[in-house]
Amino acid sequence: MEKSEKVFLDYIHDKDLNQSEKDILSYLIQKKFENLQLSIRKAADELFVSTTSIIRVCKKLGFSGYSEFTYNLGLKVTKMVDSESEAVASIHGPYQETLEQFGQNFKLTFNAIGEKNIEDFLYEIERNKMVYFYGAGFSILFSNYLAKKLELFGYYVSNASTSDSRAIFFNNIQKYNLLIIFSRSGETSKVIEKVQIAKDKGLKTVLFTGNSKSTTAQMADIVFSVLDPTIESQQEFQVTSFESNVFMLIDIILILAIKRGIMKEY
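Residues numbered from 1 in each chain as written. Predicted model: local features only at pLDDT ≥ 70, side-chain atom pairs only at ≥ 80, totals over all residues. Heavy atoms only, no water.

Observations concerning the overall build of the chain
If you tally the helices and strands in the chain, you get eleven helices and five strands. Against the compact-globule benchmark of 18 Å for 266 residues, the chain has a radius of gyration of 31 Å, which places it well outside the compact range. Principal axes of the C-alpha set define a box for the chain whose edges measure 90 × 40 × 35 Å. A fraction of 69% describes how many contacts in the chain between residues 6 or more apart in sequence connect residues 24 or more apart. (Helix = DSSP H or I, 4+ residues; strand = E, 2+ residues; numbered from the N terminus. Rg over C-alpha atoms; globule rule 2.2 N^0.38 Å. Contact = heavy atoms within 4.5 Å.)

Next comes the structure, spelled out in structure tokens:
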């Protein structure tokens with residue numbers, strides 16, 4: 001809702017104004033927001049009404065006349081503009097702080113990711129056009145995202161999660177040579193179990209995680225570790241840079257695959 005509309009609705013509440021009078025009020029409010037000072041004669045000329053009509057509107061709103069109304073209107077507009085400035089000022093500090101923190105986490109994450117890991121990953125997706133995905137918890141979002149992206153580039157993908165049984169996973173994995181896992185903690189028992197099954201079957205395993213020291217990270221062939229600010233507190237439901245950095249990492253890898261000619265954009 002526009003600021004001028006809020007002031008307008010505040011004035012007409014419980015007031016019996018006809019449409020012509022509402023138009024006069026709306027015009028006067030708009031001009032005040034444009035910081036234009038109108039005499040009653042000037043306002044009447046621009047509205048093609050009499051000064052009496054304007055005074056009648058002012059009195060219906062509870063003011064003695066035009067001067068008192070414009071004074072009150074000026075106070076309302078100033079207060080609204082000031083409160084808006086205060087709101088912007090109050091969010092500026094936290095906004096800048098969050099941006100700096102996200103930027104720092106982004107740099108730490110991507111500086112720590114070795115180019116050899118990316119090279120090894122690109123090699124695997126170049127020779128494996130069938131990819132099996134496994135995600136745990138919220139990490140299913142990442143798994144679905146990369147799976148859908150690869151599917152657009154002509155890959156055959158299957159997506160599983162912790163809700164699938166061990167038997168279903170065991171049966172489906174037989175035709176794959178590459179397993180990509182997303183697990184923030186890397187310590188989910190079902191994830192560890194599936195990685196072990198994959199390794200026993202001779203599959204290459206790629207892990208995206210927030211915990212490079214996890215059990216799963218020690219088992220996987222290729223590990224992409226994204227900085228997780230909650231790694232110590234284990235409060236995974238906090239809003240942090242972890243999620244956005246995982247998505248960014250995925251997109252960067254895909255861009256590199258396109259530049260390498262492994263994938264072709266249509």
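A short note on helix H1 (residues 3-12)
Of the positions making up H1, those classed as buried are Ser-4, Val-7, Phe-8, Tyr-11 and Ile-12. The arc that holds the buried residues of H1, viewed along the axis, is 125 degrees, so those residues lie on one side. (Buried < 20%, exposed > 50% of the residue type's maximum accessible area, 1.4 Å probe, protein only. Arc of directions from axis to C-beta.)

A closer look at helix H9 (residues 189-200)
With twelve residues, H9 should reach 16 Å at 1.5 Å per residue; the first-to-last C-alpha distance of 17 Å fits that figure. What H9 keeps buried is the set Val-191, Lys-194, Val-195, Ile-197 and Ala-198. Take H9 and look down its axis: the buried residues cluster within an arc of 160 degrees, on one side only. Exposed residues pointing more than 90 degrees away from the buried face of H9 are listed as Ser-189 and Asp-200. Where the residues of H9 are buried, they touch strand E1 (130-135), helix H8 (166-172), strand E3 (178-183), strand E4 (204-209) and helix H10 (215-219). (Expected span 1.5 Å × (residues − 1).)

Some remarks on the pairing of E3
Of all six residues in E3, six are buried; the element is thus mostly enclosed. Of the two faces of E3, the one carrying Leu-178, Ile-180 and Phe-182 and the one carrying Leu-179, Ile-181 and Ser-183 are both buried. Here four bridges tie E1 to E3, and the two strands are oriented parallel to one another. Within E3, the residue paired with Gly-135 across the bridge is Phe-182. Both E3 and E4 contribute to a ladder of six bridges, which runs parallel. Within E4, the residue paired with Ser-183 across the bridge is Thr-209. (Pairing = 2+ DSSP bridges.)

What about the nonpolar core?
In terms of nonpolar packing, the biggest core is built from 32 residues, with Leu-146, Ile-180 and Phe-224 touching the most fellow members. Of all the secondary structure elements, the ones that give two or more residues to this core are helix H6 (115-127), E1, helix H7 (140-152), E3, E4, strand E5 (222-225) and helix H11 (242-260). Once residues lying within four places of it in the same chain are set aside, the contact partners of Leu-146 are Phe-121, Phe-133, Ile-180, Phe-182, Phe-208, Ile-250 and Leu-254. Residues Phe-8, Val-57, Cys-58 and Leu-61 belong to the second largest nonpolar core, which totals 23 residues. (Core = buried A, V, L, I, M, F, W, Y, C linked by side-chain atoms within 4.5 Å.)

A few points about the packing of aromatic side chains
Describing an aromatic ring pair means giving the distance of the ring centres and the angle of the ring planes. Going through the model one piece at a time under the given rule, you end up with 16 aromatic pairs. Measuring from ring centre to ring centre gives 6.2 Å for Tyr-11 and Phe-63, while their planes differ by 70 degrees; the resulting arrangement is edge-to-face. Separated by 52 residues along the polypeptide, Tyr-11 in helix H1 and Phe-63 in the loop between helix H4 (51-60) and helix H5 (66-112) bring together distant segments of the chain. Of the two residues, Tyr-11 and Phe-63, neither departs from the other in class, the shared state being buried. On the numbers, 4.6 Å between centres and 45 degrees between planes, the contact of Phe-106 with Phe-110 is tilted. Placement of both Phe-106 and Phe-110 in helix H5 is noted, with a separation of four residues, approximately one turn of the helix. Judged by relative accessible area, Phe-106 falls into the partly exposed class, the value being 29%. One residue, Lys-76, lies across the ring of Tyr-11, its end atom 5.1 Å from the ring centre. The ring centre of Phe-169 lies 5.9 Å from the NZ or CZ of Lys-194, which sits over that ring. (Phe/Tyr/Trp six-rings, centres within 6.5 Å; stacked < 30°, edge-to-face > 60°. Lys NZ or Arg CZ within 6 Å of the ring centre and 35° of its normal.)

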